[in-house]
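Chains, contacts and geometry: an overview
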Amino acid sequence: MQIDLHYGKTGLPLELPDEWDVTVFRKTAMPVLDDPQAALQRAVREPIGGEPLSVAAARARTACILICDVTRPVPNGTLLPILVRTLLAAGIAAEQITILVATGFHRPNEGEELREVVGDDWVLATVPVCNHFARNDEDHRLLGVTQRGTPAKLDRRFVDADLRIVVGLVEPHFMAGYSGGRKLITPGIAHADTIASVHSAAFLEHPCAANCRLQGNPLHDTQLEIARMVGPVYAVNTVLDEARRISYLSYGELEASHQAAIEFLTPYATFPIETTFSTVITTGAGYPLDKTYYQTVKGIVSAHELLTPGGMLFIASECSEGLGSPEFISAQEQLLRLGSEDFLAMIVAQTRANIDEWQTEMLIKALHRGTLCLYSTGLTAEEQRLTGVTCVPSLADAVRQRVAATGNRRIAVIPEGPYLIPLALQAAQLAYGV
């Protein structure tokens, strides 16, 4: 049998013997919007909470729209022209409408990459489009301190705008429960101090800081707390099917519109774990999420609970841009030097995380579950060493060798990687509201 895995821009066909017992986990068929632009036009007229966009814009002199960076396949080219035209029609001057790329700690998106992110040349030519820089102190405003002691420092271009809108993609997220909504604010446009606080071990080692888990999730709670400090915020939240087509979108008050999108997505993006597998194959979700090993960790962690303890998990991820940031590389070097137990002991003692070490922290969760194997065509030999996992030159050959060694032909495959989440029974009940 042939299984087409999400890998880079082109995909990766994986051929497995027909006589093997292979279970392929995919989303059930999702509806697709026939006319997403018409759907958004209706949504901004009939918001979920709050008032129509045209009404809110008529009172505003300035507006700021947050968008995700290049790591998320948000259909901005479909959405932004409608939002910008609505603001212009309401009387806001073009130069007073700022589109801000919510990079968090990620690198800025510039040139052709920025054009790809925005997705529409008219928007690029009409209104200012800027990147957020978390380390620029002067760009941020301190709004207060959260109940858990996180300083709420956010980009003043968003905070000071009369009208604030976020545009995001709702998908499972292995720390925050789900992406989208409030996540574009924190960490999207947060200062380095804020990001380091909410990514500390005090947050991420909490058992509720997990995929599709909002109740009791300290990261989600703090993200909402910071968003509420800003004041009124509106949100466009999109949900995509496996082919990256818009299946659902919502517009309205930040929390209400985000929750509506989550409720739509959850039955499609999760499945309860009825049994585990000693061999699991997953992916980094393909382009753009699998551009770095840093992002690939999401695919590893998202699938690891489907793995029988002591089993072997394979992940296919192109990593066309290498490992990730210098800070993440440093964290991986520390992991290899200290070992997982000492690395965890080090970060647990910190009140704020070092930049990007949280991804190494999450990787350790899967390393403790079983053996991890990576197939990637984008990493050098030294980069492969720093992954902290076993790198294989051929995914198909490595899986065949695994089956030959164990005699166990029972295998699980998740072609879409971290966009489809196996949940243990208790977690599944919480996700479905049971």
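The structure this text deals with has already been given above.
Description of the structure in this document. (Residues numbered from 1 in each chain as written. Predicted model: local features only at pLDDT ≥ 70, side-chain atom pairs only at ≥ 80, totals over all residues. Heavy atoms only, no water.)

**Thoughts on the overall build of the protein chain**
Looking only at helices and strands, one finds 17 helices and 20 strands in the protein chain. Against the compact-globule benchmark of 22 Å for 434 residues, the protein chain has a radius of gyration of 21 Å, which places it among compact chains. For the protein chain, the spread of C-alpha atoms along the three principal axes comes to 70 × 50 × 45 Å. Expressed as a percentage of the 434 residues in the protein chain, the buried residues total 60%. Sequence-distant contacts in the protein chain: of pairs separated by 6 or more residues, those separated by 24 or more amount to 76%. Approximately 16500 Å² of the protein chain is accessible, and the part contributed by carbon and sulfur atoms is 50%. Positive and negative side-chain charges of the protein chain, numbering 35 and 49 respectively, have mean locations separated by a distance of 3 Å. (Helix = DSSP H or I, 4+ residues; strand = E, 2+ residues; numbered from the N terminus. Rg over C-alpha atoms; globule rule 2.2 N^0.38 Å. Buried < 20%, exposed > 50% of the residue type's maximum accessible area, 1.4 Å probe, protein only. Contact = heavy atoms within 4.5 Å. Areas by Shrake-Rupley, 256 points an atom, 1.4 Å probe, with all protein chains shown as cover. Lys, Arg positive; Asp, Glu negative; His and termini not counted. Charge placed at Lys NZ, Arg CZ, Asp CG, Glu CD.)

**Digging into the sheet that holds strand β16 (residues 307-316)**
Consider a sheet: its strands pair through backbone hydrogen bonds, and that pairing is either parallel or antiparallel. Taken in spatial order, the six strands make up an open sheet running β3-β19-β15-β16-β17-β18, and their pairing is parallel. Each of the sheet's edge strands pairs with one partner strand only, and the pair in question is β3 (21-24) and β18 (390-391). Summarising the sheet, strand β17 (residues 371-375) and β18 pair through two bridges and their orientation is parallel. Bridged to Leu374 within β18 is Cys391. Contacts from helix α11 (residues 293-303) reach β15 (277-283), β16 and β17, with the element oriented near 145 degrees to β16. Sheet strands touched by helix α16 (residues 395-406): β15, β16, β17 and β19 (410-413). Its angle to β16, the strand with the most contacts, is close to 160 degrees. (Pairing = 2+ DSSP bridges. Axes fitted to C-alpha atoms, helices over the stretch in contact; angles between N-to-C directions.)

**Concerning the side chain of Glu357**
Here Glu357 shows up in helix α14 (residues 357-367). One buried charge, Glu357, has no salt-bridge partner; the nearest side chain with opposite charge is Arg337, at 9.9 Å. Excluding its chain neighbours within four sequence positions, the residues that come into contact with Glu357 are Ala331, Phe343, Met346, Ile347 and Gln350. (Salt bridge = Lys/Arg side-chain N within 4 Å of Asp/Glu carboxyl O.)

**Focus on the packing of aromatic side chains**
Counted according to the given criterion, the structure contains nine aromatic pairs. Between Phe25 and Phe271, the ring centres sit 4.3 Å apart and the planes meet at 5 degrees, which makes this aromatic pair stacked. With Phe25 in the loop between β3 and α1 (36-45) and Phe271 in strand β14 (residues 270-272), this residue pair connects regions lying 246 residues apart in the sequence. According to the relative accessible area criterion, Phe25 is buried, its value standing at 18%. Taking the relative accessible area as the measure of exposure, Phe271 reaches 12% and is therefore buried. Between Tyr294 and Phe328 the ring centres are 5.3 Å apart and the planes differ by 85 degrees, which places this aromatic pair in the edge-to-face class. With a gap of 34 residues between them, Tyr294 in helix α11 and Phe328 in helix α12 (residues 326-338) connect regions that are remote in the sequence. The burial state of Tyr294 is the same as that of Phe328; both residues are buried. A cation sits over an aromatic face here: Lys9 above Tyr287, 4.7 Å from the ring centre. (Phe/Tyr/Trp six-rings, centres within 6.5 Å; stacked < 30°, edge-to-face > 60°. Lys NZ or Arg CZ within 6 Å of the ring centre and 35° of its normal.)

**Describing the pairing of strand β8 (residues 151-155)**
Buried residues dominate β8, accounting for four of its five residues. Alignment of strand β7 (residues 140-145) against β8, held across four bridges, turns out to be antiparallel. Bridge pairing links Arg141 to Leu154 in β8. Two successive antiparallel strands, β7 and β8, enclose a turn made up of five residues, where Gly149 displays a positive phi of approximately 90 degrees.

**Section: the nonpolar core**
The biggest cluster of nonpolar side chains holds 111 residues, and the ones touching the most others in it are Ile65, Leu83, Leu163, Val167 and Ile185. Ignoring anything within four residues of it in the chain, the contact list for Val167 reads Ile65, Leu66, Ile67, Cys68, Val74, Asn76, Leu79, Leu80, Leu83, Leu184 and Val236. Listed in part, the 21 residues of the second largest apolar core include Leu12, Phe314, Val392 and Val403. (Core = buried A, V, L, I, M, F, W, Y, C linked by side-chain atoms within 4.5 Å.)

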